[in-house]
Each structure stands twice: as structure tokens, then as C-alpha cells.
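Topology and contacts: notes
Listed here are the chains, written in short residue letters.
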There are 2 protein chains.
Amino acid sequence: MPRIRILTEADLRGRVTLDLGLVELIEQAFAALATRAVVMPPILSMEIAERHGEVDVKTAYVPGLDGFAIKISPGFFDNPKLGLPSLNGLMVLLSAETGIVQAVLLDNGYLTDIRTAAAGAVAAKHLAPRAVRSAAVLGAGLQAELQIQALALVRPFGELLVWARDPAKAEAYAEKMAARLGIPVRTVPSAEEAVAAAQVVVTTTPSREPLIRAEWLHPGLHVTAMGSDAAGKNELDPAVLARADLLVCDRVGQCATLGELRAAIAAGLLPADHAPPELGQVIAGLSAGRTTDDQITVADLTGTGIQDTAIATAAFQRCAAAGVGQEIET
Amino acid sequence: MPRIRILTEADLRGRVTLDLGLVELIEQAFAALATRAVVMPPILSMEIAERHGEVDVKTAYVPGLDGFAIKISPGFFDNPKLGLPSLNGLMVLLSAETGIVQAVLLDNGYLTDIRTAAAGAVAAKHLAPRAVRSAAVLGAGLQAELQIQALALVRPFGELLVWARDPAKAEAYAEKMAARLGIPVRTVPSAEEAVAAAQVVVTTTPSREPLIRAEWLHPGLHVTAMGSDAAGKNELDPAVLARADLLVCDRVGQCATLGELRAAIAAGLLPADHAPPELGQVIAGLSAGRTTDDQITVADLTGTGIQDTAIATAAFQRCAAAGVGQEIET
């Protein structure tokens, strides 16, 4: 009888946290995407319009890893009216040798949250200028918190600027993050001011209208846009991508349908078959990352199944080794 | 904190069996596919060639049902060498209102097995001639057993013929099924003899070469081909589909890429945009099923996410009502 380990969010929070080890794990996963015969099919996406909901399923097989994850991510955007979080989900880890289910990770989206933030840190590690005095974030939600925590692991900075559509949320975010980071965090009245003052900007919103204009770009700036993960979303003026010295995608095929690259192609500013380097190629040294401190770089992140396989495999191994979770005979 | 019900294969076997109730449940699900605003995205399929494995993910949202299932079906075809079954998997049931995970159904493929057989019975109910003296089955595996059990629920028959590539397996099947059904079951040396003697033939093999030739078709025959669920598989000579008086698909889009319809289109015998009626349309009375006893009918079944959502929803409700399974706080 197969035995399956059931891991709850609490089990997982106790064993996997957003730290440098996780950033390296995700970095290696991206490198594998560029150097190994990874299999990563397109995302299965189902919209449930009448419920204002959607569900995405992602997976990836990485040669050499014992398992592969299948992640189920529902987003139901009327949930807050019911006092429930919009985002949710779980991961299932299957043996890469037999396909047998090894573990069900009932993480309620926790692992997705931190593997997404870790990818932002990986992008900054390879693309941000060496010295970052000021960082900025657009948006004031959970990813705005986690992306900045992750950024601080790879590029310590002296101050943080935050802009959000809702000033009250920006204020609350500033207070919270100042306490967490131990540095000054100030709200700014416009995205433009945030971009002007920073060497690294992370955009974390579900915006459907560009928030950053090309004319605001300045030498020595790196922008990570992680908010767009669907065809209707768009955080960067398409001209930003055309004007950047270097654009890097987590996965070109996904960015061209779900990310900022999609909007730039739709606007006619980049050709439909535009193939910027992928993050994994930069990590693996197959493509250049930032080469001078005054370049303008942009990372377009849509989230990939390989991140899920990497974090689920590591989470399972740590929990199993520690005897955490519950084993069920099926 | 959300509470998730964990159901094992034993829990599920105790509450959901292959009976007329299940056939009706699957019949209603197909009818919904034709009459309601069902959302059923294409299957996510990942091949892991170096492991001789694959995994499929299916889902469907049915307006009016409390939940929707996401089913993960791995098939790793070297498993028998390790003493393990090739097929496996689980279903996850999410609330259709909030997307929150309600249950994890660790069925090891059991629910898929019986919902697949139930679909065969639904096809026979609407397409087979009224009187079936002899049924035949090609293949001697688990689906050969379940499809015939399911057929007996809707079209009682007096004898069963079985042909399989491996005569020893056919013999073992005949002995087992004779005991189970209480009727004569005999092996035949060729698929042709099986087809010649039967009014209903069910093909249940992973064949990549046609097993049934068009010249064997005779008036009053119904064929359900359920083996092909991938682009390389093919059980029926493409001319069988062209020659049948009525071809019915479970889902045209899937059959055109994964089923017998694919092979018939590839052979140039049917146009690429050929759109035969779907099983749900026949059930709902939107398209004619069999109208005379001497027609030749063919059902092309590839397996649909709507069957998974229907059986997972029913299984969860029955288990929850009976207090079966284990609740986990996440």
C-alpha cells in the first residue's frame, strides 16, 4: 500500500522559510530549466467567470529530482467579501520514478508565496546593480512584503519607498515593513517618485494599466515586474521593455502570453517572436546578465512550474526527515 | 482554518461503486456538458519520456454543482517491472464558490476506473441496439472487466466473447468474468470473430494499430472504443468511423486530438473540422442516438473532466454525510 505524507500549512511554515537557502534552491531550479531536459507544459487555466474565480495548474519535471509537483492555485476574488483569502491551493508531489503520490502539501498558497518572492530575489541577484541605496515597491499586498524581504537577502538597501493605489494601505505597509526591516520606509504619492529615487523597483500589483512609464527609466535601474500572470494584466508601459538595455523572462513562452512581454508584443513594440534571454540562461552563464552598473534591466516574472517542483521536493524531504506531517495508507 | 477531508481508496470503495446510480450520475454529467455553461479546459499532459511515464490533469466546472474536481492521473509504464500498477492518481475537490480545497480523494485511480466504465454504459444505453444477445470485448485488463460489468447494467446479454493479444490473459479473463457474470464467456482467436458474433463490442486496449476493420461491421452493431486517449493510440480502422451510420464523441475537441476521430481525420477519411454529435447532446435529446436496430453506431470515448467532477462531488458528499474519512485542519 502506498503511504502518502499529508503536510499542513503549519508543518510547512515550520520547515520552509524565505531565506537565502530558498533563494539558492529557486536559482538552481531556474538554472536547470536552461541546462537540463526539463519538461514544463503550458499552464492549465480554467476561468469560472460566474464566480469571479479561476484556477491554474502548473507542473514541471526536472531530471535528477526525486519528485515532481503539480500545483493547484485557485483565485476567487469575491472571497474577501466572505472574510476569506482570494488565493489558496495545494501542491501534490509525485515520484518522478513511478508517478506514485508521495505527499499532499496543503499549504493554502504559502509555498507559492515564498517561491514567487524567491524568484524576485534571484532576478535581482543577477540583474540589479551591485549597490542599491533605495529600493521601491509598487503595491502593498503580501507579495509587496515578501518580494522586499527577499530582495533584502541579496541586495541590502538603506531605504524603501512604497506606492500603492490605496494610500491607507501604503501607510500600513510602510509602518509594518519599517519595523520588520529596521530601515526607513516612506510612502510616496506617485509611482514616478518611487521609480525616480530607486535602483531597484518591484511591481507587485494586479494592474491592468501600465504603472511605470518609459520616460521615468534612469541609468542603473532594475525593475522586476511580477504582478502580471494573466493576459489582461500589465504593469509596465510597453515602451519600458523596448527601452531597457536588457529584458529577461522567467520563461519566454509564458511571458509572451501572460506577462509584460505580451503587452509589449501587442503594442507592436516588440516582434511576436521576440526571444529575450531567460533567467535560467543568465544564471547558467549562457546569456549575459547586467554587465555595467548604469544599464537599465527588466525582469518579467510570470511564475513557473519548476519553482513549484523545486520547493515541494525540498519541503517534502525536510518534513519527511524530521517526521513532520501525517502518513496515510491509501 | 479550512478543514479538508482526506479520503482513502478504502473509504471511497466503501461508498462509491459501479452501479446504475453511478451510470445515471455520469449520464447527467454528460447531459450538463451539452446543456449548461460547463467550463472544461484542454487536458494538461506532461510526458516524462526518460521514465516511460506521463501525467494528465483534467478538470471541469459544472454550474449547479457545489464543487469541481481536479484530477491527476499518472501512468508510468515500467511500474509493473517493480511490482507496482502503471496507473495511479488522486482527485482534489475544490469549492465551486470559493476555490477552497474541500477534499483530497486518494483513490489510486479507482474513481477514474469506474467513471470510465460508467461512461461506456451511458454510451451503450443510448447507442446500442435494444436487444443484445452477445457482447464482445477486446482486451483483458481492468477496463475490460469494468466496461463489461457496466454494460451488463444497461444491456443484459447472454454471452460474452473476449479477444486479447495474449491468449493466456484472455483465458484468465474468461474464467473470472464467467464466474462474476454467471453467463458463458468464451475466448475467440481473432478480433474478427468477436465482432462478427456480437451486437456490442467494447475496445479497451492501448493499441497503436487498428484492431477492428470496417469490412467486419454488420447491421445492428454498436462499438464503444475507449482505449485511445493519446495521439498515438488507435483501435479502430479509420474507415470504421467513416462507414458507421452514427459516430458519437464524448467531447469532439478531445476525440479530434486524442481519440479515434484523430486517426480518421489523419487518414483523410473525415474532414479536420468534422463535428459528430457529443454523447451529452444525444442524452439531452439535442441530437439523435440510435433510431433503428440495424444501424451501425460507434462511440469514441477519451475521458472527460466532467466525469471526474461528477464522481468526486458525489463521493465527497456521501463520505462527508457518513462521517467517513479524516478531517485535517490546514
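Per an unreviewed UniProt entry, chain A goes by the name Ornithine cyclodeaminase and belongs to Tistlia consotensis USBA 355.

Turning our eyes to something else, we now look at the pairing of strand 6 (residues 101-106) of chain A. All names here are of chain A. For strand 6, the buried fraction is high: six of the six residues fall into the buried class. Bridge count for strand 1 (residues 3-8) against strand 6 is four bridges, and the pairing is parallel. Residue Leu 7 lies in a different strand from strand 6, and its bridge partner there is Leu 105. Here strand 5 (residues 90-95) folds back onto strand 6 in antiparallel fashion, the turn holding five residues, of which Gly 99 has a positive phi close to 75 degrees.

Below, the discussion takes up helix 4 (residues 142-154) of chain A. All names here are of chain A. Between its first and last C-alpha atoms helix 4 spans 19 Å; for 13 residues at 1.5 Å apiece the expected length is 18 Å, and the two agree. Taken together, the buried positions of helix 4 are Gln 143, Ala 144, Glu 145, Leu 146, Gln 147, Ile 148, Ala 150, Leu 151 and Val 154. Where helix 4 is buried, its residues contact helix 2 (20-35), helix 3 (110-127), strand 7 (134-138), strand 8 (159-163), helix 5 (167-181) and strand 10 (200-203).

Let us look at the sheet that holds strand 14 (residues 326-329) of chain A. Residue and element names in this part refer to chain A. Read across the open sheet, the seven strands follow the order 2-3-4-5-6-1-14; overall the sheet is mixed. Each edge of the sheet is formed by a strand with only one pairing partner; in this case those strands are strand 2 (44-48) and strand 14. Neighbour to neighbour, the strand axes of the sheet diverge by 15 degrees on average, direction disregarded. In this structure, strand 3 (residues 53-59) lies alongside strand 4 (residues 67-76), joined through seven bridges in antiparallel fashion. Looking across to strand 4, one finds that Asp 56 is bridged to Ser 73. Sheet contacts for helix 3: strand 3, strand 4, strand 5 and strand 6; angle to strand 4, the most-contacted strand, approximately 100 degrees. Against the sheet, helix 11 (residues 305-321) makes contact with strand 1, strand 3, strand 4, strand 5 and strand 6, and its axis sits at roughly 110 degrees relative to strand 4, the strand it touches most.

A word on the interface of chain B and chain A. Listed per partner, the contact involves 47 residues of chain B and 47 residues of chain A. Between chain B and chain A, roughly 3,900 Å² of surface is buried when both sides are summed, and carbon and sulfur atoms account for 73% of that area. Looking only at chain B, the three residues that lose the most surface to chain A are B:Leu44, B:Met46 and B:Tyr61, adding up to 14% of its buried area. On inspection of chain B and its partner chain A, the count reaches zero salt bridges. Elements with a contribution of two residues or more to the side of chain B that touches chain A: strand 1 (3-8), strand 2 (44-48), strand 3 (53-59), strand 4 (67-76), strand 5 (90-95), strand 6 (101-106) and strand 14 (326-329) of chain B. Classifying every residue of the side of chain B that touches chain A gives 30 nonpolar, 11 polar and six charged.

Here we come to the packing of helix 3 (residues 110-127) of chain B against helix 4 (residues 142-154) of chain B. All names here are of chain B. It is at 8 Å that the axes of helix 3 and helix 4 come closest, and there the two elements cross at 45 degrees. Overall, the two elements helix 3 and helix 4 adopt an arrangement that is oblique. Judged by the sense of rotation from one axis to the other, the crossing of helix 3 with helix 4 is right-handed. Touching Asp 113, Ile 114, Thr 116, Ala 117, Ala 118, Gly 120, Ala 121, Ala 124 and Lys 125 of helix 3 are Leu 142, Gln 143, Leu 146, Gln 147, Ala 150, Leu 151 and Val 154, all from helix 4.

Below, the discussion takes up the nonpolar core. Residues and elements named next belong to chain A. Of all hydrophobic cores here, the largest spans 70 residues; its most connected members are Leu 105, Leu 111, Ile 148, Leu 160 and Ile 306. Here the element with the most residues in this core is helix 3; it accounts for 11 residues. Here this core spans two domains, since at least three of its residues come from each of domain 1 (3-112 + 306-329) and domain 2 (126-303). Other than its neighbours up to four places away in sequence, Leu 105 contacts Leu 7, Leu 12, Leu 90, Met 91, Leu 93, Leu 111, Ala 312 and Ala 315.

Once that is clear, we can look at the relation of the copies chain B and chain A. Both copies of the chain are tied together by a single rotation about an axis and a shift running along it. Mapping chain B onto chain A is achieved by rotating through 180 degrees and translating by 0.0 Å along the same axis, at an RMSD of 0.0 Å. When the rotation and shift are considered jointly, the pair of chain copies conforms to a two-fold rotation axis. When C-alpha positions in chain B are compared against the rotation axis, the closest is assigned to B:Leu44, at 2.9 Å. Both copies share a contact surface, since 100% of the interface residues of chain B are interface residues in chain A too.

Parameters at a glance
The residue numbers shown here count from 1 along each chain, following its written sequence. Each chain gets a letter, beginning with A, and each ligand a number, beginning with 1, in the order they are written. A pLDDT threshold of at least 70 governs which residues receive local features in this predicted model, and a stricter bar of 80 or more applies before side-chain atom pairs are shown or counted, although totals over entire chains, interfaces and linings include all residues. For side-chain calculations, the full set of non-hydrogen atoms in the structure is used, while hydrogens and water are omitted. Classification of residues uses two cut-offs on accessible area relative to the type maximum, computed with a 1.4 Å probe and protein chains only: under 20% is buried, over 50% is exposed, and between them is partly exposed. Each helix is a run of DSSP H or I of at least 4 residues and each strand a run of E of at least 2, with the numbering of both proceeding from the N terminus. Paired strands, in this sense, are two strands between which DSSP finds at least two bridges. Helix span, expected: 1.5 Å multiplied by one less than the number of residues in the helix. Note on contacts: a residue pair is in contact if any heavy atoms of the two residues lie within 4.5 Å. Every axis in this analysis is a line fitted to C-alpha atoms, fitted for helices over the stretch in contact. Angles between the N-to-C directions lie between 0 and 180 degrees. Buried area: the sum, over both parts, of the accessible surface (1.4 Å probe) that disappears when the two are put together. The working definition used for a salt bridge is a side-chain nitrogen of Lys or Arg within 4 Å of a carboxyl oxygen of Asp or Glu. Note that Gly is not counted as nonpolar here; it falls among the polar residues with everything else outside the nonpolar set of Ala, Val, Leu, Ile, Met, Phe, Trp, Tyr, Cys and Pro and the charged set of Asp, Glu, Lys and Arg. Roughly parallel means an angle under 35 degrees; roughly antiparallel means over 145; roughly perpendicular covers 65 to 115; every other angle is labelled oblique. By the definition used in this description, the sense in which the near helix is turned from the far one sets the handedness, with an anticlockwise turn below a right angle giving left-handed and a clockwise turn giving right-handed. Buried Ala, Val, Leu, Ile, Met, Phe, Trp, Tyr and Cys residues that are joined via side-chain atoms within 4.5 Å together make up what is termed a nonpolar core. All the domain ranges listed were derived from an automatic or database domain assignment. When the copies are superposed, the least-squares fit takes in the C-alpha atoms of residues with a pLDDT of at least 70 in both.

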